[in-house]
Amino acid sequence: MDPALLREREAFRKKALATPSVEKKKRDDSFKDDSKKKSKSSSSANAAPKIDATNYKTMAGSSSYRFGVLARIVRHMKSRHQEGDDHPLSIDEILDETNQLDVGSKIKQWLQTEALQNNPKIEHTFDGKFIFKPVYKIKDKKSLLRLLKQHDLKGLGGIFLEDVQESLPHCDRALKSLAQEILYITRPSDKKKILFYNDKTATLDVDEEFVKLWRATAVDAMDDAKIEEYLEKQGIKSMQDHGPRKPVVPKRKKVTQKRRQFKKPRDNEHLADVLETYEDNTLTQKGVSIK
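Residues numbered from 1 in each chain as written. Predicted model: local features only at pLDDT ≥ 70, side-chain atom pairs only at ≥ 80, totals over all residues. Heavy atoms only, no water.

**Some remarks on empty space enclosed by the protein**
Here the structure, examined in full by the defined rule, presents one cavity of 30 Å³ or more. Empty space within the largest cavity amounts to approximately 40 Å³. At the level of secondary structure, the elements contributing two or more residues to the lining of the largest cavity comprise α6 (141–154) and β5 (193–197). Taken together, the residues that form the lining of the largest cavity break down as five nonpolar, three polar and one charged. (1 Å grid on protein atoms, 1.4 Å probe; cavity = no way out; pocket = protein on both sides within 12 Å on 5 of 7 lines; lining within 4 Å. Points joined across faces, edges and corners; volume = space filled by probe spheres on them. Helix = DSSP H or I, 4+ residues; strand = E, 2+ residues; numbered from the N terminus. Nonpolar A, V, L, I, M, F, W, Y, C, P; charged D, E, K, R; others polar.)

Okay, here's the thing in structure tokens:
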């Protein structure tokens, strides 16, 4: 190595050692951050409730789990009613059949005392058991036909097909055997099917010419006012009393203030035909004068 370079290096080293310098050390903030994180984690761990296998289903915010258990029970009771099982069950038997024996004691108490007793689809028996509560009390096709006849005679209208399917066990079999006794009509608003009793005594034989005219006349784009106007032009007035009537608003009568009439006194009305004169102190009655 060049001896000149060595001399320069030694001179620079001596000069650097002779000049004092203060070194600024960086703060070690990692320790503080770690301590803060540890304190936060410990406080959150202490604030949060401990999850345990015995109380995780009864913790706060488990209302969705409660109503999930209730909905499962109602669906099971409905399905067993549709299959023909109509005997009541206790709360333990219901939980056993729905595979929910692991529910907590609080939820079980809530089901037995509040949820199942206040549910509109569940009926509570006198011996503390529960059974499904259908819309109609029908058990076979005879009771269904009887119900449809009563609705027809009383003018109550039809019955929803979904209500019959919910109430009648083995509904499809009964409806197939009563195909000639039932009329099906689909409601245009929500496409629900409605059952009516097929009263064959009310059937009328209509001439084919009227049927053709009825089917050929399109009145879909006409309202009741236009139809009534057309019938009036044709000289037909038989439809004027049909259809919904518009409420007639009664006209208010003008209140006229009558003048008060002072009534004359009615004293001595029994002497109305008697004329009294005070000139000669005589009374005249029907041509007879009395002094």
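**Let's talk about a positive patch on the surface**
On the surface, a cluster of positive charge is made up of Lys141, Lys142, Arg146 and Lys149. By the element assignment, Lys142 lies in helix α6. (Patch = residues over 30% accessible without salt bridge, like charges linked within 9 Å, V, L, I, M, F, W, Y side chains within 5 Å. Areas by Shrake-Rupley, 256 points an atom, 1.4 Å probe, with all protein chains shown as cover. Salt bridge = Lys/Arg side-chain N within 4 Å of Asp/Glu carboxyl O. Lys, Arg positive; Asp, Glu negative; His and termini not counted. Charge placed at Lys NZ, Arg CZ, Asp CG, Glu CD.)

**Description of unusual backbone geometry**
We note that His170 has phi near 50°; this positive angle belongs to a residue other than glycine. Considering the arrangement of structural elements, one finds His170 in the loop between α7 (161–167) and α8 (171–177). Its identity is not glycine, yet Lys191 carries a phi of approximately 65°, on the positive side. In this structure, Lys191 sits in the loop between β4 (182–186) and β5. Relative accessible area serves as the criterion here: at 62%, Lys191 is assigned to the exposed category. (Buried < 20%, exposed > 50% of the residue type's maximum accessible area, 1.4 Å probe, protein only.)

**Considerations on a nonpolar patch on the surface**
Among the surface-exposed residues, Leu204, Val206, Phe210 and Leu213 lie close enough to one another that they form a single nonpolar patch of about 490 Å² accessible area. With respect to the secondary-structure elements, Phe210 resides in helix α9 (residues 208–216). We classify Phe210 as exposed; its relative accessible area is 55%.

**Describing the sheet that holds strand β3 (residues 159–160)**
By definition, the strands of a sheet pair up through backbone hydrogen bonds, in either a parallel or an antiparallel sense. Here we have three strands laid out as an open sheet, ordered β3-β5-β4, and antiparallel in their pairing. At either end of the open sheet lies a strand with only one pairing partner, and these are β3 and β4. Each of β3, β4 and β5 is contacted by α6, which is oriented at about 85° to β5, the strand it contacts most. (Pairing = 2+ DSSP bridges. Contact = heavy atoms within 4.5 Å. Axes fitted to C-alpha atoms, helices over the stretch in contact; angles between N-to-C directions.)

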